[in-house]
Amino acid sequence: MTPISYFMALSAILFAIGVAGVMIRRNVIVMFLSIELMLNAVNLAFVALGRRMGSMDGQVIVFFVITVAAAEAAVGLALIVAVFRNRETVNADELNLLRW
Amino acid sequence: MNQFTLSAVHFAWLPILPLIAMALGAMTVMLVGPQVDDDDSAGLGVIALLTLLIAFVLTLFTFSQNHLAFGGALVADDYAAFFDLLIIIATAVIVAMSLDYVSDEGLAGAEYYALILFSALGMMLMAAADDLIIIFLGLETMSLAIYALAGFMRRDPKSNEGAIKYFILGAFSTGFLLYGIALVYGATGTIKLEPIRAALAAGNASNPLLLLGLGLMLIGFGFKVAAVPFHMWTPDAYQGAPTPVTAFMAVGVKIAAFAGFMRVFMVSLGPVSAEWSGVLWVIAAITMTIGNLTALVQDNIKRMLAYSAIANAGYLMLGMAAAPARAAGGAMLYYLLGYAFTNLGAFAVVIALARRSETRDRISDFRGLARTHPGLAAAMALFMLSLAGVPPLAGFVGKFYLFSAALGAGLVWLVVIAALNSAISVYYYTRVIVEMYAREGGEVTIEPLGARPALLISIVVAVAGTILIGLYPQPYMSSAAAAYASAVRRPAIAATAALR
């Protein structure tokens, strides 16, 4: 059986790539993709931990997370479309109407 | 593998009846919606108000029940009931102040009121959750609806921009919260709050996985309550959103986020409070300082109230830093109660000032309000004084209880910082009062409030709440303390539920 640390390490790496993507990339769609990557890293961790501990909770949570991520994609992409219609850009740095 | 058996799930309907009522009401609004004109959507608001009334009555029945439902995923204790009632009242006031605003602006009424109800449903779920995954679901139900509401003025670039910033950072923080939940699950072997507490109290879970999970969950909740340095979205989302939605974000989201935050950290993670209270000490200090200092230079009233909301999150986290002290939890609940009424009132006045398709949200727009509309100006002055912490209003009494609870826990220096901050905040709150009463010029004419009775009623309710909660704090304070105590007493409830 593959040791749990392999799964946790992979999950941590995926999560870190996601965080870095949100921090570095300026295209809102790519930032959103990176967030999805973070959620999937979490799913991997839940499944691995659930299997390791022989508990069903970790497996069930993943279904909730997938569902929520789908709902989040619907709302998020709708907002991105609304922004693009008004501003013709999805670059986070150009969204600067609101400043103090 | 553990076998999952249905008989182990103890179904108790009472705790979720208010939630079912809210969901059914929201669906009714969506079903009736297409028959209603967007220019005349007040009827849908009335359906929403009726739904909230039903949920309110049903919630009253859950007091002193201490039921567990759905195999311990939900708990119906006084803590949940207290927050549910507060959320329902705040939502009702917000629906009331939206009635004219939504039809005047020609916003889609069906979607608006349905999203408000769904969002309130998520908030109530968060307050009643006894399971980390239910907290996550409640948080997302609330947030997804709020993201859509924040961007509700589809053709307004500011509304778009505030919503997208809120969405990206909100979803980002959700990732941290979930990863934190996963690691706490890995460290303790469970996602149920009470078993987590029991495992931590037994001292068999103090490892790096737990500490990392704690930190990530702190980041996730920190975003939602708008704590520095996770506050960047707050002013933009508050300024861009339609004003009633801003009020909903400042009051409802803050209350619900603290309901979840407090239950997870102060109750469930209470046994390891030594590991996180130091971090909260620092976050509370920088949150109130940065919130207050940045509020000083704002010209926009919604932005100023956003920074004020950040500063208030700092004061509330002062209570969390004092976690092991029992008094701090009750004081925080009382503070949230006063904060809710005061902020609802302030935003209602901002709505009253706006004219059809013309936002008047600069602080200078308040100039001369006292001469043309003395009643409205007096109400606004009252709310500003309460936020600044002037006795005998709700804001002062809340700060008094909170600061003395923190002093009792020995956080002398943090209370000194908080008191200094409180003094700084007087400057920007009184600036609004000075604009209204002392500055020349800028005669404001607004539509008379008599033509907008629902808005008038919501301002009157907020004024009454701000004064009553401050003048007669005793009943509210004792019910707040009892509510918090019921959450801490959870081990006893778990035992009786197991016997049943």
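Refer to the structure presented above.
Predicted model only: the values in this text are computed from it and were never measured.

Peer 1: I keep staring at the overall build of chain A and nothing clicks. Help me out?
Peer 2: Looking only at helices and strands, chain A features 3 helices and 0 strands. When contacts within chain A are restricted to residue pairs at least 6 apart in sequence, long-range pairs at least 24 apart make up 45% of them.

Peer 1: Teacher, can you tell me more about the packing of helix H13 (residues 326-353) of chain B against helix H15 (residues 374-388) of chain B here?
Peer 2: How two helices sit against one another is set out by the angle between their axes and by the gap between those axes. Residues and elements named next belong to chain B. Remark: H13 packs on H15, axes separated minimally by 9 Å, with the N-to-C direction vectors making an angle of 145°. Helix-helix and strand crossings are classified by hand; for H13 and H15 the assignment is left-handed. In contact with Thr342, Gly345, Ala346, Val349 and Ala352 of H13, H15 contributes Leu376, Ala379, Met380, Phe383, Ser386 and Leu387. Looking at the contact of H13 with H15, its residues break down into 8 nonpolar, 3 polar and no charged.

Peer 1: What am I meant to see in helix H16 (residues 394-408) of chain B here?
Peer 2: An α-helical turn contains 3.6 residues, so any two residues separated by three or four positions project in the same direction. Residue and element names in this part refer to chain B. Compared with an ideal rise of 1.5 Å per residue, which puts 15 residues at 21 Å, H16 spans 21 Å between its outermost C-alpha atoms and is within 8% of the ideal. Of all the 15 residues making up H16, 11 are buried; the element is thus mostly covered by neighbouring parts of the structure. Taken together, the buried residues of H16 touch helix H12 (301-321), H13, H15, helix H17 (412-437), helix H18 (453-471) and helix H19 (473-488). Gly410 occupies a position one or two residues after H16 and carries a positive phi of about 85°.

Peer 1: For this particular structure, what's the right way to read the environment of Ile168 of chain B?
Peer 2: Here Ile168 of chain B is to be found in helix H6 (residues 157-188). According to the C-beta neighbour criterion, Ile168 of chain B is buried, with 22 such atoms within 10 Å. The residues touching Ile168 of chain B, leaving out its near neighbours within four places in the chain, are Val28, Met31 and Phe32 of chain A.

Peer 1: Looking at this structure, how should I read the packing of helix H3 (residues 78-105) of chain B against H13 of chain B?
Peer 2: Residue and element names in this part refer to chain B. In the contact formed by H3 and H13, the axes pass within 11 Å of each other and the chain directions differ by 0°. In terms of axis orientation, H3 runs roughly parallel to H13. Residue-level inspection shows Phe82, Leu86, Ala90, Val93, Met97 and Tyr101 of H3 in contact with H13, the latter providing Leu333, Leu336, Leu337, Ala340, Leu344, Ala348 and Ile351. Partitioned by chemical class, the residues of the contact of H3 with H13 number 13 nonpolar, no polar and no charged.

Peer 1: Can you help me understand the interface of chain B and chain A in this one?
Peer 2: Quite often, the size of an interface is put as the accessible area lost when its parts meet. Taken together, the contacts link 37 residues of chain B with 37 residues of chain A. Among the elements of the structure, helix H5 (132-150), H6 and helix H9 (233-240) of chain B are those that each provide at least two residues to the side of chain B that touches chain A. In terms of residue count, H6 of chain B provides more of the side of chain B that touches chain A than any other element does, 17 residues in total. For the side of chain B that touches chain A, the per-class residue count stands at 20 nonpolar, 10 polar and 7 charged.

So, how was this worked out
Residues numbered from 1 in each chain as written. Chains lettered and ligands numbered in written order. Predicted model: local features only at pLDDT ≥ 70, side-chain atom pairs only at ≥ 80, totals over all residues. Helix = DSSP H or I, 4+ residues; strand = E, 2+ residues; numbered from the N terminus. Contact = placed C-beta atoms within 7 Å. Axes fitted to C-alpha atoms, helices over the stretch in contact; angles between N-to-C directions. Left-handed = near helix turned anticlockwise from the far one by under 90°. Nonpolar A, V, L, I, M, F, W, Y, C, P; charged D, E, K, R; others polar. Expected span 1.5 Å × (residues − 1). Buried ≥ 20, exposed ≤ 12 C-beta atoms within 10 Å, placed from the backbone. Parallel < 35°, antiparallel > 145°, perpendicular 65-115°, else oblique.

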